[in-house]
Amino acid sequence: MAKYDPLAVESKWRRRWETEQTDRVDLAGAKKPFYNLMMFPYPSAEGLHVGNLFAFVGSDIQGRYHRLLGYDVFEPMGFDAFGMHSENFALKNNRHPAEMVPKNIERFRETQLKKVGLMVDWSHQADTTSPDYYRWTQWMFVTLYKNGLAYRKTGPVNWCPGCKTVLAAEQVIDGECERCSSVVTKKEMAQWFFKTTAFAQELLDELDRLDWSERTKVAQRNWIGRSQGAEVIFEVVGGPEFSIFTTRPDTLFGATYMVFSPEHPLLDKITSPEQAPVLAAYRQSISHLTEVDRQAEDREKTGVFTGAYALNPVNDQKIPVWAADYVLMGYGTGAIMAVPAHDERDHEFALKFNLPILEVVQAPEGLDVRKAAYAGPGVLVNSGPFDGLPAKTTGQERITESLAKEGKAKWAVNYRLRDWCVSRQRYWGPPIPIIYCPKCGPVPVPEEDLPVKLPQMENYQPDGSGLSPLAREESFHKTVCPVCGTHAERETDVSDNFLCSAWYFYRYPSTQFDDRPFDPELTKKWLPVDLYVGGNEHAVLHLLYSRWLCRALHSCGYLDFAEPYKKFVAHGMIVRDGAKMSKSRGNIINPDQYINEFGADAFRMYLMFMGAYLEGGDFRDGGVKAMKAFLDRLYTAVCPPEGGTLDPQPPAEPETLFWLNSTVKAVGQDIARFSYNTAIARMMELVNHITKNKISNKDISETLARLLAPLAPHLAEELWEILGHQESIFKSAWPAFDEAACRRPEVEYVIQVNGKLRGRLNLAQGLAQAEIEPLVLASPAVSKWLEGRTIVKKIYVPDKLVNLVVR
RNA sequence: GCCCAGAUGGCGGAAUUGGUAGACGCACAGGACUUAAAAUCCUGCGAAAUUUAUUUCGUGCCGGUUCGACCCCGGCUCUGGGCACCA
């Protein structure tokens, strides 16, 4: 039994690809550019995770497939090596990231990535920690600042006590730090922000037109969280005006009290002297609560009366003003009108504090708004001139517009999306390129002075003071103002690692340029990215940030497109034996072990065969071995038989032609829709057919080698060479097929009686109903079900089925 | 609570548009080869009944539409994911 040695074959072809530069593309001269991007990994010391490989292989298959289709495919790779994941790991192991990261990168590239057989053009790498790279990350910051898209602001920010730094809203998951799972607290600090909210509407609108995985789009829509409503101006009795945001202006007549967020600055002005100590005590009592406590599901509502009253602009009614922490300072205006009859939260609060509940939208029979809030549709009641109008449509419009005429309301839209907090009080990142001058204020570092290099520091631990470790390095932060020359101080925070990764794909084609972040010509030719494959865990992190940055650079005139990725495909997640993989379970898959035993091709193929690529798969131990066994069978089937040769004539037998052509068609279609598991199954069927029938044919062998090439590139090259070709199989072309031969000349008709399968008939293709009927009625398997019955209806589906309905 | 996706043999999973449910593979069983084992090859493999070359049942649960439903509709249950005191 002929077998092949995968380790020998694979190292042979790795060397050949390297010396012949098979994987390189002529970026300037390419005629049919196809930018195939995969999410670059961060080089952890543990090595590549099987999840990384699953993602990369699925992407590489597209790259190789497109290459065979005649595209000039650019498939670059880089390392996302700045940030807390790298720094935390170095800290834990008592090492320095500057020493550790280059070693990890080397190991990733040389002993792992290259062994998997990715068609990566290694002449265009990006390493985010290299000064040649982060110089341009800093340039991004300066550019955003100069264009009014970056600003510094003091306010409550998310603070992770574990990582000792602030975090962006996107990096807080259920009140916990995305990296270390510490409970995040609020801290008042001056921080740098990017104006992500400036493009909230565009980011949302464009989603409808993007060719992206639907679940990724849904996650982004939820995160941006648009809600439409009105801003209404109320007036404190004997005090100032203030505005509230509501999505239900139709229920204004039902507002029986107002609620301010306890942090609302206006409270200090309006609270009555006798209630002031009560408010102070309340603020004290909630000050120690974290977001997790505050949002705990079963938590009872709390709040205090301020002693103040507000006037409802629709009817001048005097209603009490309360302060309660169920109203958040960060959303809308930090104050609400409470309509307990039609809002669940207000209802709960009103019951607890015995506040009035007034029905203004007619609830259906049997529902009592005193018992439970009714938020459904209905007509307005107790609403003066607006009674009888459908609340959510006309009612809403009329009430808002009548107030708008008096200047007391306007239509408004609110987004859940917050500006991106990019400051980090950590060491391992690109320093924020800003200088604070006592005379000139904040001044961006001039472009020619970039990069602001990260100094080498032996003790780089974050100290939790709210300042970055760089604040301890005087030689770093003491400087002079680039404008006036006065002694000045550098910003000592570094920027969020997600800024590094928000632009890396612009850099890849332009790595040779040290005078610009990306070359306009090459960028025009290669971007936006044609295909981006990655994990959906980045839906509202990297993918949102990079969409925003693209839009920002576009608005500043640096890019002539506003969306970075033409197509994004979210791959699934791998589990093992039905369970999530984790260190604590001890069920992590070690890819190297399988690759060293069965070869990268068998490992690649098994990863893709486990399940649907877009849904993920369940890794079973025996799978890689079984795949190697298939590749052995395929090898035997494709190679000339021992002591013989392959038939040089094209196959003529119809059944074989059917298998050959329909397999080529199906494999191409399946790869195009990321259905790798079924593509492999189709190849198995073809191999089974030729093995069973002892067919050795040159045409079939060459076709199989090329079908296999995207999935198992090393073996495909080996077979191609055995079949007599000098050049790489990737310089050949994807096999063509004959549409007519994809169907058998004879088709199997299914014969049903009353919808139940009663027989099958092999008949020539394309027969008419009238030609088939007599044959059906004559067949004994069918006629026995027709005895003594009347046929009332005949269903006929060409080349497929006949169904006789009898009584 | 709202939104999205999903539930198919012992297992992983197939099934373009409503038209043969279970492709392909794993595991298992039997056989061949072998001193033996491994590897490889061949055969079988949803369940029940059976006169075994037959019938009935069967795609999470209940109901509906249809000649015909894994697929469409209505109502549930469970699993995974996103959002969530967001006004």
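Residues numbered from 1 in each chain as written. Chains lettered and ligands numbered in written order. Predicted model: local features only at pLDDT ≥ 70, side-chain atom pairs only at ≥ 80, totals over all residues. Heavy atoms only, no water.

**Some details on the protein's contact with RNA strand B**
Reasoning step 1: The environment of RNA strand B is formed by 54 residues, the closest being K301, R345, R416, R760 and N803.
Reasoning step 2: Restricting attention to atoms of RNA strand B within 4 Å of the protein, one finds that 61% of them are sugar or phosphate atoms.
Reasoning step 3: T247 places a main-chain nitrogen or oxygen 2.4 Å from a sugar or linking oxygen of RNA strand B.
Reasoning step 4: Side-chain polar atom of N677 to a phosphate oxygen of RNA strand B: 3.2 Å apart, as the coordinates give it.
Reasoning step 5: Every element with two or more residues in the surface near RNA strand B is listed here: α7 (214-224), β12 (241-246), α20 (623-638), α22 (676-692), β29 (746-753), β30 (756-764), β31 (791-797) and β32 (801-806).
Reasoning step 6: If you tally residues by element for the surface near RNA strand B, the top one is α22, at six residues.
Reasoning step 7: Taken together, the residues that form the surface near RNA strand B break down as 21 nonpolar, eleven polar and 22 charged. (Near = heavy atom within 4 Å. Polar contact = N/O pair within 3.5 Å; in protein donor to acceptor, adjacent residues only side chain to side chain. Helix = DSSP H or I, 4+ residues; strand = E, 2+ residues; numbered from the N terminus. Nonpolar A, V, L, I, M, F, W, Y, C, P; charged D, E, K, R; others polar.)

**Brief notes about the nonpolar core**
Reasoning step 1: Of all hydrophobic cores here, the largest spans 176 residues; its most connected members are Y506, W548, L607, M608 and F619.
Reasoning step 2: The element best represented in this core is helix α2 (residues 50-68), accounting for nine residues.
Reasoning step 3: Y506 has contacts with P517, F518, L527, C550, L553, L559, F561 and P564, leaving out every residue within four places of it along the chain.
Reasoning step 4: If you look at the next biggest cluster of nonpolar residues, it comprises 50 residues, including F260, Y282, A323 and A324. (Core = buried A, V, L, I, M, F, W, Y, C linked by side-chain atoms within 4.5 Å. Buried < 20%, exposed > 50% of the residue type's maximum accessible area, 1.4 Å probe, protein only. Contact = heavy atoms within 4.5 Å.)

**Notes on the pairing of strand β23 (residues 487-490)**
Reasoning step 1: Direction of pairing for strand β20 (residues 434-437) relative to β23: antiparallel, over a ladder of two bridges. From the neighbouring strand, I435 faces β23, where its bridge partner is R490.
Reasoning step 2: As paired strands, strand β22 (residues 478-480) and β23 are joined by three bridges and run antiparallel to one another. Within β23, the position partnered with K478 by the bridge is E489.
Reasoning step 3: As consecutive antiparallel partners, β22 and β23 are separated by six residues, and within that stretch G485 has a phi angle of approximately 80 degrees, a positive value. (Pairing = 2+ DSSP bridges.)

**Some words on the pairing of β29**
Reasoning step 1: Note: β29 against β30, eight bridges, orientation antiparallel. The residue bridging Y749 from the neighbouring strand is L761, located in β30.
Reasoning step 2: In this antiparallel pair of consecutive strands, β29 and β30, the connection spans two residues, and N754 shows a positive phi of 50 degrees.
Reasoning step 3: Bridge count between β29 and β32: four bridges; the pairing is parallel. Looking at β32, one finds that I751 is bridged to V802.

**Here's the deal with the packing of α20 against helix α23 (residues 698-708)**
Between two packed helices, both the angle of their axes relative to each other and the distance between the axes serve to describe the pair.
Reasoning step 1: Interhelical geometry of α20 versus α23 gives an angle of 145 degrees and a closest axis separation of 9 Å. Across from L631, L634, A637 and V638 in α20, the residues of α23 making contact are S701, L704 and L708.
Reasoning step 2: In the contact of α20 with α23, the residues fall into six nonpolar, one polar and no charged. (Axes fitted to C-alpha atoms, helices over the stretch in contact; angles between N-to-C directions.)

**Regarding the sheet that holds strand β5 (residues 150-160)**
Reasoning step 1: In space, the four strands of this open sheet follow the order β6-β5-β9-β18, with antiparallel pairing throughout. Lying at the two open borders of the sheet, with one neighbouring strand each, are β6 (165-167) and β18 (420-421).
Reasoning step 2: As paired strands, β5 and strand β9 (residues 185-194) are joined by ten bridges and run antiparallel to one another. What sits directly across from T154, in β9, is A190.
Reasoning step 3: Running at roughly 85 degrees to β9, helix α5 (residues 131-146) makes contact with β5 and β9 of the sheet.

**Observations regarding the sheet that holds β29**
Reasoning step 1: The four strands lie next to each other as β30-β29-β32-β31, forming an open sheet whose pairing is mixed. One side of each edge strand has no neighbouring strand; the edge strands of this open sheet are β30 and β31. Shown here is a sheet whose adjacent strand axes are inclined to one another by a mean of 20 degrees, direction ignored.
Reasoning step 2: Relative to β31, helix α25 (residues 769-778) is tilted by about 120 degrees, and along the sheet it contacts β29, β30, β31 and β32.

**What about α2?**
Reasoning step 1: In this model, α2 (19 residues) spans 27 Å end to end at C-alpha, consistent with the 27 Å of a helix rising 1.5 Å per residue.
Reasoning step 2: In terms of burial, α2 is a largely internal element, 17 of the 19 residues being buried.
Reasoning step 3: Looking at the residues trailing α2, positive phi occurs at G70, about 105 degrees. (Expected span 1.5 Å × (residues − 1).)

**Focus: the packing of helix α6 (residues 200-207) against α7**
Reasoning step 1: Running from amino to carboxyl end, α6 crosses α7 at an angle of 155 degrees, the nearest separation of the two axes being 10 Å. Taken together, the axes of α6 and α7 are roughly antiparallel relative to one another. In this structure, α6 meets α7 at a crossing whose hand is left-handed. Listed contacts from α7 to A200, L203, L204 and L207 of α6 are K217, Q220, R221 and I224.
Reasoning step 2: Here the contact of α6 with α7 is composed, by residue class, of five nonpolar, one polar and two charged. (Parallel < 35°, antiparallel > 145°, perpendicular 65-115°, else oblique. Left-handed = near helix turned anticlockwise from the far one by under 90°.)

**Considerations on the pattern of salt bridges**
Reasoning step 1: A complete count under the given rule lists 45 salt bridges for this structure.
Reasoning step 2: Where R209 meets E206, a salt bridge forms, and the shortest distance between an N and an O atom there is 3.0 Å.
Reasoning step 3: With relative accessibility at 21%, the residue E206 sits in the partly exposed group.
Reasoning step 4: One salt bridge connects E563 with R551, and the closest N-O pair in it is separated by 2.7 Å. Placement of E563 in the loop between α17 (542-555) and β26 (567-571) and of R551 in helix α17 is noted, with a sequence separation of twelve residues between them.
Reasoning step 5: We classify R551 as buried; its relative accessible area is 9%.
Reasoning step 6: Look at the salt bridges and you will find they share partners, linking K12, R16, E20, E718 and E721 into a network. (Salt bridge = Lys/Arg side-chain N within 4 Å of Asp/Glu carboxyl O.)

**What about the environment of G229?**
Reasoning step 1: Within the secondary structure, G229 sits in strand β11 (residues 226-236).
Reasoning step 2: Look at G229 and you get buried, because its relative accessible area is 1%.
Reasoning step 3: Residues G229 and S130, spaced 99 residues apart in sequence, show a C-alpha to C-alpha distance of 48 Å.

**Structural notes on α22**
Reasoning step 1: Between its first and last C-alpha, α22 extends 24 Å over 17 residues, near the 24 Å set by a 1.5 Å rise per residue.
Reasoning step 2: What α22 keeps buried is the set Y676, N677, A679, I680, M683, M684, L686, V687, H689 and I690.
Reasoning step 3: Of the surrounding elements, those touching the buried residues of α22 are α2, α19 (600-609), α20, α21 (654-672) and α23.
Reasoning step 4: Looking at the residues trailing α22, positive phi occurs at K694, about 50 degrees.

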